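Fold and geometry: a report
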Amino acid sequence: MFLKSNTFETMDFPVTFHIFGKTILAHPLFETVGIFIGMRYYFYLKRKASEKMSFNTSAAILIGATAGALIGSKLIGNLENPYILFGNFSLKRIWTNNTIVGGLAFGLIGVEWAKKIAGHKESTGDLIVFPLILAMIIGRVGCFLTGIYEETYGLPTDSIFGMHLGDQYLRHPVALYEIAFLITLWIILKGIQKKRYISFWFCISAFYDQLL
């Protein structure tokens, strides 16, 4: 039996916020906050980095990463359910459907394309690892608060981890699992940062996220 428990009925899903007289879902709000804070953290690390890039190169890479991530997250997110996309076409649905996997893949393509145009041949990936992990953690909080109304909820379960996420079942809170994984990954990467293995472990993180 995977019926819901009264223990988790104190929180209503999806969680919404009232800002300037409008009701906003937690997912897009936390996604936006995560991107903003992640970018600010990236610029902070960039100012502290010993290797300096020119403004034109930095701007090109930033534009390439942002454009690639935006296009990729929307493209792959919408192609996950092509029948819904083409059966009931809606610009609002296209804009709200996204996936971190497409954002990572196309963001990387955008960066490499921008580097080629700018003539920059050195590696630039290590500096973005921790800001990206931070952005993903914040974004997954929004996923959790949206419950079953955002497709990152888990399967029904009768384990002690089961939570009521908006329907009649107790489900695995997959978003919380991933947050715990990302925090653990952060600690591991900080411990081995001096050995220059960040790129390898970041690939493992992206692969794990794709499996979810």
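Before reading further, recall that the structure is shown in the block above.
Residues numbered from 1 in each chain as written. Predicted model: local features only at pLDDT ≥ 70, side-chain atom pairs only at ≥ 80, totals over all residues. Heavy atoms only, no water.

Brief notes about empty space enclosed by the protein
The tally for this structure, following the rule as stated, stands at one cavity of 30 Å³ or more. Estimates place the volume of the largest cavity at around 50 Å³. In terms of lining, the largest cavity is formed by Cys 143, Phe 144, Gly 147, Thr 152, Tyr 153, Leu 165, Pro 173, Val 174 and Ala 175. Within the residue set of the lining of the largest cavity, elements represented by two or more residues are helix H6 (129-146) and helix H7 (174-192). (1 Å grid on protein atoms, 1.4 Å probe; cavity = no way out; pocket = protein on both sides within 12 Å on 5 of 7 lines; lining within 4 Å. Points joined across faces, edges and corners; volume = space filled by probe spheres on them. Helix = DSSP H or I, 4+ residues; strand = E, 2+ residues; numbered from the N terminus.)

Regarding the pairing of strand S1 (residues 16-19)
Sheet analysis places S1 next to strand S2 (residues 22-25), joined by four bridges and oriented antiparallel. Across the sheet, Thr 16 pairs through a bridge with Leu 25, a residue of S2. The loop that links S1 with its antiparallel partner S2 comprises two residues; one of these, Phe 20, has a positive phi angle of about 55°. (Pairing = 2+ DSSP bridges.)

So, H6
With 18 residues, H6 extends 26 Å between its outermost C-alpha atoms, agreeing within 8% with the 26 Å of an ideal straight helix rising 1.5 Å per residue. With respect to burial, H6 is a largely interior element, 16 of its 18 residues being buried. Positive backbone phi, at 65°, marks Gly 147, one or two positions downstream of H6. (Expected span 1.5 Å × (residues − 1). Buried < 20%, exposed > 50% of the residue type's maximum accessible area, 1.4 Å probe, protein only.)

Here's the deal with the pattern of salt bridges
With the rule as written, the count across this model stands at three salt bridges. With its nearest N and O atoms 3.6 Å apart, the salt bridge here joins Glu 112 to Lys 115. Residue Glu 112 and its partner Lys 115 are both found in helix H5 (residues 100-118); the two are separated by three residues, about one turn of the helix. What makes Lys 115 buried here is its relative accessible area of 7%. Where Glu 178 meets Arg 140, a salt bridge forms, and the shortest distance between an N and an O atom there is 2.8 Å. (Salt bridge = Lys/Arg side-chain N within 4 Å of Asp/Glu carboxyl O.)

A few points about the packing of H6 against H7
If you want to describe how two helices pack, look at the angle between their axes and the distance between the axes. At a closest axis distance of 9 Å, the pairing of H6 and H7 adopts a crossing angle of 165°. By the angle between their axes, H6 is roughly antiparallel relative to H7. The two elements H6 and H7 meet at a crossing, and its hand is left-handed. Each of Val 129, Phe 130, Ile 133, Leu 134, Met 136, Ile 137, Arg 140, Val 141, Cys 143 and Phe 144 in H6 lies in contact with H7, whose residues at this interface are Ala 175, Leu 176, Glu 178, Ile 179, Leu 182, Ile 183, Leu 185, Trp 186, Leu 189 and Lys 190. Grouping the constituent residues of the contact of H6 with H7 by class yields 17 nonpolar, no polar and three charged. (Axes fitted to C-alpha atoms, helices over the stretch in contact; angles between N-to-C directions. Parallel < 35°, antiparallel > 145°, perpendicular 65-115°, else oblique. Left-handed = near helix turned anticlockwise from the far one by under 90°. Contact = heavy atoms within 4.5 Å. Nonpolar A, V, L, I, M, F, W, Y, C, P; charged D, E, K, R; others polar.)

Honestly, that's just the spatial picture; any functional story needs more than this.
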